[in-house]
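Each chain is listed here by its residues.
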Amino acid sequence: MSWFKRVKEGIATKTQDKKETPDGLWHQCPKCKKPVLAKDLIKNSWVCPHCDFHEKIGSEGYFRIIYDDEKYTLMFDNITSADPLKFVDSKPYPEKIKDAILKTGLNDAVRVAVGKLNGKKLVTACMDFKFIGGSMGSVVGEKIARAIDYAREHHIPLLIISKSGGARMMESSYSLMQMAKTSAKLALLSQSKIPFISLMTDPTTGGVTASFAMLGDFNIAEPESLIGFAGPRVIKETIGKDLPKGFQRAEFLVEKGFLDYIINRKELKQNLSTLLSIIWDKKTKKKESEEV
Amino acid sequence: MMLFDFEKPIEELYKQIEKAKETHVKGKVNMLDTIEQLEKKVVELKKTIYNDLNAWQKVQISRHPDRPYTLDYIENIFKDFIELHGDRNIADDKALVGGLAKLDNQPVMIIGHQKGRNTKQRQMRNFGMANPEGYRKALRLMKIAEKFDIPVISFIDTPGASPGLEAEERGQGEAIARNLLEMSVLKVPVVCIIIGEGASGGALGIGIGDVVSMLEYSWYSVITPESCSSILWRSWEFKEKAANALKLTSKDMLEMQMIDKIITEPTGGAHNDPETMYKTVKSELKKILKELCETDINKLVNKRIEKFSNMGVYNE
């Protein structure tokens, strides 16, 4: 069994012959732990092909999934945070913002885009959790308000994709009032009879849940997303008991009657397209023929 | 009466007054002048102390156990109050009360958070923390008001919406969100007064009004100072710092234009002289309602939406 023995000590392969596995080629699913080729994962809308686990993605990812040929136009992206309260906790608020911008390459926790979904125009406001926990401050409120205004003025359906830890405390009541602002704007959109689809993703909590996220004509969610008003930790502390399994997950909310349905991200685009074809396309066609 | 730490100098004077009274009665010495002088001193001292309160002290005043609550204002300002119960779906929320009444001759619909005075009541009222059915009851009453063209008055006094298992099951977020949307386009005048604590979505859930006013020592913020401290500083110890940083006092809120008006409290706070407080609130309400009822309702609604749409500070 001499072949079983090492011929030489140490590494025999010469450096120039060494084969590199590039970083990010393989991805391990955090749920089922199985490896998947990164490019396969992207092709699969960042959903694990083995266990359907939905990886957390940001606005970039969603815009690419939703819009035809991954083409879209960003809007209102020049708006950035001010520091109206001169808020300081572990460090001054403007520094936190600066760090977040540098780290994420984003200007705040939401981005707004317009583009075409299966040939039909759609405005999307999509939150980014990696920007200070997707927290809602003046910028998020203003951009969502403008997205709603744009949808109303141009007669285009609106999709808001929520992913947020709640209010941005460093803006205190300004942050609170964004709930009022976005809800008031949605009341106007509703009066104009323009569809608003709210997609909740993991996690959607606090002030976002208690304002625009829950106000869709259609409230839908990704599988297993955490959705609630109070965070699980707060509730657990308040009631002094462990929370039941699956509490505040999307499946639980469907059961309790707060979501229309759960949608797998792989089917999101087609589903939105079908939904809009039923409630909206006929209307736009009618309007177009009237204009002719 | 319960005194705060920062009121301790007054306590000393109270003791002296007590002694003087005792001497006057038992010692048969005329102490009336002394008593009068001491009482004047108390008033002066209170003025000095109350003119120089920090944010955290105001938060403490807003929670004074003797501070008037919604039902006290209803009893002392309005007549013919008929309480209306239930959301027609789940239950009647005791933490958020409401009903029809008259303000002199003006019919009004009142909604408001209600706290309890003793342990039993506090439990029944869930410390003024409403459940979804409370917000839905409030909306039901507002819709009735809209139907019969009656203005709405909302008294806000809550440490936040109830963070419980049932509240989540029954859609706390949806209930508050629905109220925000519906109140912003409600076709009757809406007046909101923060009479004590105004914390987070729980307060805002009945807080969209044409005129939003705050009692002088009430507060309004996205979160309680304690919770803010525990999240940002990871300890409850920084509540004073948090209270300051959150800019939650009536003065701050008016400066930032997130409320429309401050209603002055009697020296020593509303709990010190409830009668005066009721009178002030009543006359303010009458003034505000008169103006609002004279304005065209569509204009009022547009202005309401515009007001909330303009809230926020950002760079562009």
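Please read all numbers here as calculations on a predicted model, not as lab measurements.

### Some details on unusual backbone geometry
Residues and elements named next belong to chain A.
Argument step 1. A cis amide bond links D202 with the next residue in sequence, P203, at an omega value of -10°.
Argument step 2. Relative to the helices and strands, P203 resides in strand β8 (residues 196–205).
Argument step 3. You will see that K33, though not glycine, has its phi angle at about 65°, which is positive.
Argument step 4. With respect to the element layout, K33 can be found in the loop between β1 (26–28) and β2 (35–37).
Argument step 5. At E224, a residue that is not glycine, the phi angle is positive and equals roughly 60°.
Argument step 6. Here E224 is to be found in the loop between β9 (218–221) and β10 (227–228).
Argument step 7. Overall, E224 belongs to the partly exposed group, its relative accessible area being 40%.

### Points about the environment of I235(A)
Argument step 1. Mapped onto the secondary structure, I235(A) falls in helix α6 (residues 232–239).
Argument step 2. In this structure I235(A) touches A230(A), G240(A), L243(A), F247(A), Q248(A), P163(B), G164(B), L165(B) and E168(B), once residues within four positions along its chain are discounted.

### A few points about the pattern of salt bridges
Argument step 1. Here the structure, examined in full by the defined rule, presents 43 salt bridges over all chains.
Argument step 2. A salt bridge links D77(A) to K143(A); the nearest nitrogen and oxygen atoms lie 3.2 Å apart. Here D77(A) is found in the loop between β3 (72–75) and β4 (80–81), whereas its partner K143(A) is found in helix α4 (residues 138–154), with 66 residues between them in sequence.
Argument step 3. On the accessibility criterion, K143(A) (0% relative accessible area) is buried.
Argument step 4. D72(B) serves as the salt-bridge partner of R117(B), at 2.7 Å between the closest nitrogen and oxygen. Separated by 45 residues along the polypeptide, R117(B) in the loop between β3 (106–113) and α5 (119–124) and D72(B) in helix α4 (residues 70–77) bring together distant segments of the chain.
Argument step 5. Residue R117(B) is classed as partly exposed on the basis of its relative accessible area of 31%.
Argument step 6. Overlapping salt bridges, with partners in common, bring together R63(B), K115(B), D157(B), E197(B) and E226(B) in one network.

### Remarks on the domain arrangement of chain A
Residue and element names in this part refer to chain A.
Argument step 1. Taken domain by domain, chain A consists of domain 1 (23–55) and domain 2 (56–291).
Argument step 2. Here domain 1 and domain 2 have C-alpha centroids that lie 24 Å from each other.
Argument step 3. Contact with domain 1, which involves eight residues of that partner, is made by ten residues of domain 2.
Argument step 4. For the pair domain 1 and domain 2, the two sides together bury roughly 790 Å², of which 49% comes from carbon and sulfur.

### Considerations on the packing of helix α5 (residues 172–191) of chain A against helix α14 (residues 297–309) of chain B
Two quantities define a packed helix pair, namely the angle between the helix axes and the distance between the axes.
Argument step 1. In the contact formed by α5(A) and α14(B), the axes pass within 8 Å of each other and the chain directions differ by 135°. Classified by the interaxial angle, the pair formed by α5(A) and α14(B) is oblique. Remark: the crossing between α5(A) and α14(B) carries left-handed chirality. Contacts from M177(A), A180(A), K181(A), A184(A), K185(A) and L188(A) in α5(A) reach I305(B), F308(B) and S309(B) in α14(B).
Argument step 2. For the contact of α5(A) with α14(B), a count of residues per class yields six nonpolar, one polar and two charged.

### Comments concerning the domain arrangement of chain B
Residue and element names in this part refer to chain B.
Argument step 1. Domains assigned within chain B are domain 1 (5–52) and domain 2 (58–309).
Argument step 2. For domain 1 and domain 2, the distance between their C-alpha centres works out to 36 Å.
Argument step 3. Opposite the five residues of domain 1 that make contact, domain 2 presents eight residues.
Argument step 4. For the pair domain 1 and domain 2, the summed buried area comes to about 540 Å², and 63% of that belongs to carbon and sulfur atoms.
Argument step 5. The largest contributions to the domain 1 side of the interface with domain 2 come from F6, K46 and Y50, which together make up 84% of the buried area.

### Section: the packing of aromatic side chains
All names here are of chain B.
Argument step 1. The final tally for this structure, using the stated rule, is eleven aromatic pairs over all chains.
Argument step 2. Ring plane angle 10° and centroid distance 5.2 Å describe the contact between F4 and F6, whose orientation is recorded as stacked.
Argument step 3. Three or more aromatic residues joined by ring pairs form one cluster here, namely F4, F6, Y50 and Y217.
Argument step 4. Sitting above the plane of the Y69 ring, R117 keeps its charged end 3.9 Å from the centroid.

### What about the nonpolar core?
Argument step 1. With 136 residues, the main nonpolar core has V123(A), L158(A) and Y220(B) as its most contacted residues.
Argument step 2. Broken down by element, the residue count for this core peaks at ten residues, all from α5(A).
Argument step 3. Setting aside chain neighbours within four positions, we find L158(A) in contact with L122(A), V123(A), A147(A), I148(A), A151(A), L186(A), L189(A), P195(A), F196(A) and I197(A).
Argument step 4. Of all hydrophobic cores here, the second largest spans 25 residues; its members include I74(B), V108(B), V211(B) and M277(B).

### Some remarks on the interface of chain B and chain A
Think of interface size as the accessible area that goes away when the parts come together; that is how it is often given.
Argument step 1. Each side of the interface is counted separately: chain B has 46 residues, and chain A has 54 residues.
Argument step 2. Approximately 4400 Å² of surface area, both sides summed, lies buried where chain B meets chain A, with 71% of it carried by carbon and sulfur atoms.
Argument step 3. The interface formed by chain B and chain A holds one salt bridge in total.
Argument step 4. Put simply, R146(A) and E316(B) hold a salt bridge, and the shortest N to O gap is 2.8 Å.
Argument step 5. At the junction of chain B and chain A, the tally comes to 14 residue pairs in polar contact (both at pLDDT 80 or more).
Argument step 6. Of the residues forming the side of chain B that touches chain A, the biggest block, nine residues, is contributed by helix α8 (residues 172–184) of chain B.
Argument step 7. The residue inventory of the side of chain B that touches chain A, partitioned by class, reads 27 nonpolar, eleven polar and eight charged.
Argument step 8. Pairing between β4(A) and strand β9 (residues 314–315) of chain B: two bridges, direction antiparallel. Note on β9(B): the bridge partner recorded for S81(A) is Y314(B).

### A look at the confidence of the model for chain B
Argument step 1. When pLDDT is averaged across chain B, the result is 94; 100% of the residues are at 70 or more.
Argument step 2. Two numbers describe this predicted complex: its pTM, 0.92, and its ipTM, 0.93.

### Side note on the side chain of S273(A)
All names here are of chain A.
Argument step 1. One can find S273 in helix α8 (residues 268–291).
Argument step 2. Look at S273 and you get buried, because its relative accessible area is 16%.
Argument step 3. In this structure the side chain of S273 is engaged in a polar contact, spanning 3.0 Å, whose partner is the side chain of N118.
Argument step 4. Look past the residues within four positions of S273 in its chain and what remains in contact with it is L117 and N118.

### Examining the pairing of strand β2 (residues 96–103) of chain B
Residues and elements named next belong to chain B.
Argument step 1. With respect to burial, β2 is a largely interior element, six of its eight residues being buried.
Argument step 2. Here strand β1 (residues 79–83) pairs with β2 via three bridges, running antiparallel. Following the sheet pairing, I82 is matched in β2 by L100.
Argument step 3. Pairing between β2 and β3: eight bridges, direction antiparallel. From the neighbouring strand, A101 faces β3, where its bridge partner is V108.
Argument step 4. Counted between consecutive antiparallel strands, the loop separating β2 from β3 contains two residues, among which D104 sits at a positive phi close to 50°.

Reading guide: rules and limits
- Residues numbered from 1 in each chain as written.
- Chains lettered and ligands numbered in written order.
- Predicted model: local features only at pLDDT ≥ 70, side-chain atom pairs only at ≥ 80, totals over all residues.
- Heavy atoms only, no water.
- Helix = DSSP H or I, 4+ residues; strand = E, 2+ residues; numbered from the N terminus.
- Buried < 20%, exposed > 50% of the residue type's maximum accessible area, 1.4 Å probe, protein only.
- Contact = heavy atoms within 4.5 Å.
- Salt bridge = Lys/Arg side-chain N within 4 Å of Asp/Glu carboxyl O.
- Domains from an automatic or database assignment.
- Buried area = accessible area lost by both parts, 1.4 Å probe.
- Axes fitted to C-alpha atoms, helices over the stretch in contact; angles between N-to-C directions.
- Parallel < 35°, antiparallel > 145°, perpendicular 65-115°, else oblique.
- Left-handed = near helix turned anticlockwise from the far one by under 90°.
- Nonpolar A, V, L, I, M, F, W, Y, C, P; charged D, E, K, R; others polar.
- Phe/Tyr/Trp six-rings, centres within 6.5 Å; stacked < 30°, edge-to-face > 60°.
- Lys NZ or Arg CZ within 6 Å of the ring centre and 35° of its normal.
- Core = buried A, V, L, I, M, F, W, Y, C linked by side-chain atoms within 4.5 Å.
- Polar contact = N/O pair within 3.5 Å; in protein donor to acceptor, adjacent residues only side chain to side chain.
- Pairing = 2+ DSSP bridges.
- pLDDT = per-residue confidence, 0-100.

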